[in-house]
Amino acid sequence: MTLSIKRAAVLGSGVMGSAIAAHLANTGIPTLMLDIVPKELTEKEEKQGLTLEDRKVRNRIAEDSKKALLKQKPSPITTKKSLELITTGNMDDDMEKLSEADWIIEVVVENLDIKKKVYAKVDEHRKEGAIVSSNTSGISVEAMAEGRSEDFRKHFLGTHFFNPPRYLKLLEVIPAKDTDAQVLTFMKTFAEDTLGKGVVEAKDTPNFIANRIGTYGLLVTVREMLKGNYSVGEVDSVTGPMIGRPKSATFRTLDVVGLDTFVHVAKNVFDQVEGAEKEVFDVPEFMKTMNEKGWLGAKSGQGFFLKKKGKDGSVIYELNPETLEYEDRKKLKTNATETAKQEKGSKRKLKTLVSAKGDRAGDLVWSVIKPALIYSAELTGEIADDILSIDKAMKWGFGWEMGPFESWDAIGLKESVKRMQEEGETVPEWVRNMLEAGNESFYKREDGKVYYYDQGEYKQQQFNPKEINLKRLKDTKGVIKKNAGASMVDLGDGVAALEFHSKSNAIGLDTMQMINFAIEEVDKNYEGLVIGNQGKNFCVGANLALMLMEAQDDNFFELDMVVRQFQNMSMNIKYSNKPVVAAPFNMTLGGGAEVSLPAAAIQASPETYMGLVEFGVGLIPGGGGTKELYLKELRNLPQGIDFDLTKVANDVFEKVAMAKVSTSAEEARENGFLDSGDAISKNADHLLHDAKEKVLALARAGYVAPQREKIPVVGDAGYAAMLLGAKSLQFSGYASDHDVKIAEKLAYVLSGGRIKEGSVIDEQAMLDLEREAFLSLIGEPLTQQRMQHMLLKGKPLRN
């Protein structure tokens with residue numbers, strides 16, 4: 001059996017169906033999206049004289065869903081071009097087109113009878129060997145496959161995406177009893193390598209893994225809030241980042257998900273379980289009332305929180321569950337919360353909180369964590385084969401930093417079980433047996449390997465060979481050299497990596513020194529270098545606080561030296577004798593982009609938000625960013641044809657002056673930051689592996705460092721054209737005097753310094769212009785105010 005997916009079809013174009021179609025299109029898969037035929041005309045259609053038989057009307061639901069993808073935030077599409085890969089139709093006229101699809105995904109209403117009717121039609125039209133799956137969040141996969149042909153059942157399984165599919169990593173794959181083992185293996189590999197997913201195999205039980213445990217945990221939290229007389233805001237203040245959970249914590253998460261969706265998911269388990277578990281899944285009365293009133297959260301404008309505009313901006317109020325009225329938002333501040341804030345890392349913060357007996361915050365966190373841990377242990381073997389699958393599902397589906405069993409290890413397994421038993425809880429037998437056998441943690445690490453406890457023994461966790469983990473690598477091999485800002489690590493096969501690890505991965509002198517050292521070391525002993533890391537963001541830019549401090553102290557000699565060093569480093573990256581590949585991901589701003597642009601190639605994560613943003617703090621790029629973006633755009637022009645140099649200069653001017661940041665790697669390519677020699681990884685976890693392979697490919701192809709470039713510039717005429725745009729914005733009230741001053745400096749750099757149009761300058765001349773402009777601007781009081789505001793408030797100041 002040879003399996004491949006070249007074309008897909010999605011049945012159902014609601015929020016989830018259209019988002020799945022978008023995700024498939026983002027990865028380059030042409031997708032047919034079908035929905036039902038409308039039963040009545042809209043007012044607009046009646047005015048146009050259309051009837052229910054017109055194709056435009058019959059395809060309206062799917063077509064409207066496709067158009068809505070453009071308006072959604074966060075955007076389900078990585079670029080508008082993705083939409084070109086989605087074709088629409090309806091489930092009455094277009095089912096025969098399913099014969100072209102290699103994968104058909106059903107995303108219709110959560111009703112078994114309706115789904116079975118859809119599958120009967122699918123079975124009729126699908127080609128033999130086509131994979132069929134359901135995105136159900138909890139209906140039995142086995143029940144859905146009943147009555148279908150043998151080939152259908154062999155190729156049928158559950159594929160439960162989490163919303164929004166572009167951003168949430170988890171895909172639960174649920175085989176039925178007749179699912180072919182080869183189909184299951186193929187789908188896991190395809191989902192990981194092509195769709196960029198973290199795949200967990202779940203058993204065919206109510207709500208599978210993540211929604212079963214996540215819903216239980218949320219309902220337990222609501223129960224403990226009511227029992228302990230806490231407020232909605234107080235609960236959210238300690239059930240978010242403080243314990244390794246997302247910022248949305250508990251009730252903000254419910255507002256984002258939508259209360260109606262949550263109630264439906266909870267009811268699905270409630271209807272299928274018994275006893276104490278059933279009681280937990282019985283949604284509290286006040287939440288049922290909210291649901292009836294339509295207080296569903298973000299989509300209805302109010303839920304557990306309500307945002308109102310006040311005199312000094314928006315104010316967020318919290319719901320009182322007793323009175324169902326909105327009140328001022330509260331936060332829990334106790335000795336335990338203050339101590340936890342001082343601790344480093346979520347593990348230590350969580351342990352500090354649960355250990356604080358008698359503390360109002362500590363008691364709440366313990367009362368919420370304890371039942372969730374016990375419940376997860378009770379379900380091991382029932383909803384998933386092992387603890388590893390449960391932990392992965394909760395991290396990838398709900399954004400937890402630690403899964404339930406990792407959390408249990410963090411608070412101390414032995415001590416916490418003792419406390420649970422003292423409080424009258426029944427801890428699952430397998431956990432007690434594990435402790436009695438002298439095993440005091442669910443996970444252990446030895447020689448860079450990770451082991452997890454499973455059915456009486458520790459088993460080694462297997463990782464995809466494409467997943468290079470720098471921490472595990474350093475635990476095994478150590479580092480070649482390191483300082484406070486960065487480390488040089490051996491990736492194997494003759495490739496080294498330069499890893500940033502300063503605060504926010506901001507670039508300071510120590511990072512520059514390490515990059516220069518790494519390039520020298522690679523020249524002597526390696527095939528090439530990857531610049532990458534596994535922090536929260538690739539790099540948020542140069543060290544803004546340090547530069548502001550130097551400017552306020554009038555240390556311009558020092559600043560000049562720092563900027564020169566940054567420029568020299570970027571030129572070292574560009575003209576290294578061995579290939580240097582940058583591996584950016586997430587925020588790649590300012591200096592982060594300036595490190596990436598001169599590299600021999602960029603291997604970007606799909607979620608790469610890249611831009612030269614210095615204008616927002618009253619500066620222009622000083623490390624070669626303007627020059628490199630301009631050169632990259634010139635190199636992207638078709639060879640052998642005349643082009644308008646002014647247009648290129650204006651385009652770069654606009655991107656830098658507007659501090660334009662891409663919303664994806666694909667958009668970074670459209671913005672000129674990536675070119676034909678650069679690539680985008682499908683899976684963010686494979687980024688370093690892909691970058692390493694890129695280095696080796698360049699080395700095998702006989703990489704030769706580029707020749708020094710001469711830069712054609714627009715001169716005086718181009719300078720005037722660029723400035724005209726800035727002045728127009730000033731006259732319209734969209735730009736301040738200081739904005740125009742910064743724009744003048746930027747235009748001066750891009751034009752080559754007020755010289756004759758069509759002149760050619762060398763790279764160093766443009767770097768000198770960048771540095772001089774940067775230094776003159778950083779001395780301006782208004783720029784320093786912008787820098788200070790960004791450091792204090794995290795957003796730009798317009799002055």
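Residues numbered from 1 in each chain as written. Predicted model: local features only at pLDDT ≥ 70, side-chain atom pairs only at ≥ 80, totals over all residues. Heavy atoms only, no water.

1. Here we look at the overall build of the protein chain
- What the protein chain contains, in helices and strands, is 34 helices and 25 strands.
- Against the globule reference of 28 Å for 799 residues, the protein chain gives a C-alpha radius of gyration of 29 Å, in line with a compact fold.
- Along the first, second and third principal axes, the C-alpha set of the protein chain runs to 80 × 70 × 60 Å.
- In the protein chain, buried positions account for 55% of the 799 residues.
- Here the protein chain has roughly 35,100 Å² of accessible surface; of this, 50% comes from carbon and sulfur atoms.
- Charged side chains in the protein chain number 105 positive and 118 negative. The centres of these two groups are separated by 2 Å. (Helix = DSSP H or I, 4+ residues; strand = E, 2+ residues; numbered from the N terminus. Rg over C-alpha atoms; globule rule 2.2 N^0.38 Å. Buried < 20%, exposed > 50% of the residue type's maximum accessible area, 1.4 Å probe, protein only. Areas by Shrake-Rupley, 256 points an atom, 1.4 Å probe, with all protein chains shown as cover. Lys, Arg positive; Asp, Glu negative; His and termini not counted. Charge placed at Lys NZ, Arg CZ, Asp CG, Glu CD.)

2. Remarks on the environment of Glu693
- With respect to the helices and strands, the residue Glu693 is situated in helix H30 (residues 687-700).
- Since its relative accessible area comes to 31%, Glu693 is described here as partly exposed.
- When the C-alpha positions of Glu693 and Lys682 are compared, they lie 14 Å apart, and in sequence the two are eleven residues distant.

3. Some points on the pairing of strand S13 (residues 449-454)
- Most of S13 sits inside the fold, with five of its six residues counted as buried.
- Pairing geometry for strand S12 (residues 443-446) and S13, over four bridges, is antiparallel. Within S13, the position partnered with Lys444 by the bridge is Tyr451.
- Hairpin connection, S12 to S13: the antiparallel pair is bridged by two residues, and Asp447 has positive phi, about 50 degrees.
- If you look at the hairpin formed by S13 and strand S14 (residues 457-460), you'll find two residues sitting between the two strands, and Gln455 has a positive phi there, around 50 degrees. (Pairing = 2+ DSSP bridges.)

4. What about the packing of helix H27 (residues 625-636) against helix H28 (residues 645-657)?
- Contact pair H27 / H28: the axes reach a minimum separation of 10 Å and the direction vectors enclose 135 degrees. In terms of orientation, H27 lies oblique with respect to H28. In this structure, the crossing between H27 and H28 has a hand that is right-handed. Residue-level contacts link Thr626, Leu629, Tyr630, Glu633 and Leu634 of H27 to Leu645, Val648, Ala649, Asp651, Val652, Lys655 and Val656 of H28. (Axes fitted to C-alpha atoms, helices over the stretch in contact; angles between N-to-C directions. Parallel < 35°, antiparallel > 145°, perpendicular 65-115°, else oblique. Left-handed = near helix turned anticlockwise from the far one by under 90°. Contact = heavy atoms within 4.5 Å.)

5. A closer look at helix H12 (residues 259-270)
- Compared with the 16 Å implied by 1.5 Å per residue over twelve residues, the 16 Å span of H12 between its first and last C-alpha is a close match.
- Restricting attention to buried positions, one finds in H12 the residues Leu259, Phe262, Val263, Val265, Ala266, Asn268 and Val269. (Expected span 1.5 Å × (residues − 1).)

6. Observations concerning the pattern of salt bridges
- Taken as a whole, this structure holds 64 salt bridges when the rule is applied.
- Here Glu440 ties to Lys414 by a salt bridge, and the two come within 3.5 Å at their closest N and O atoms. Placement of the pair is Glu440 in the loop between helix H21 (429-436) and S12 and Lys414 in helix H20 (residues 413-422), with a sequence separation of 26 residues.
- Each of Glu53, Arg55, Arg58, Asp92, Asp93, Asp94, Lys97 and Lys121 takes part in a single network of salt bridges with overlapping partners. (Salt bridge = Lys/Arg side-chain N within 4 Å of Asp/Glu carboxyl O.)

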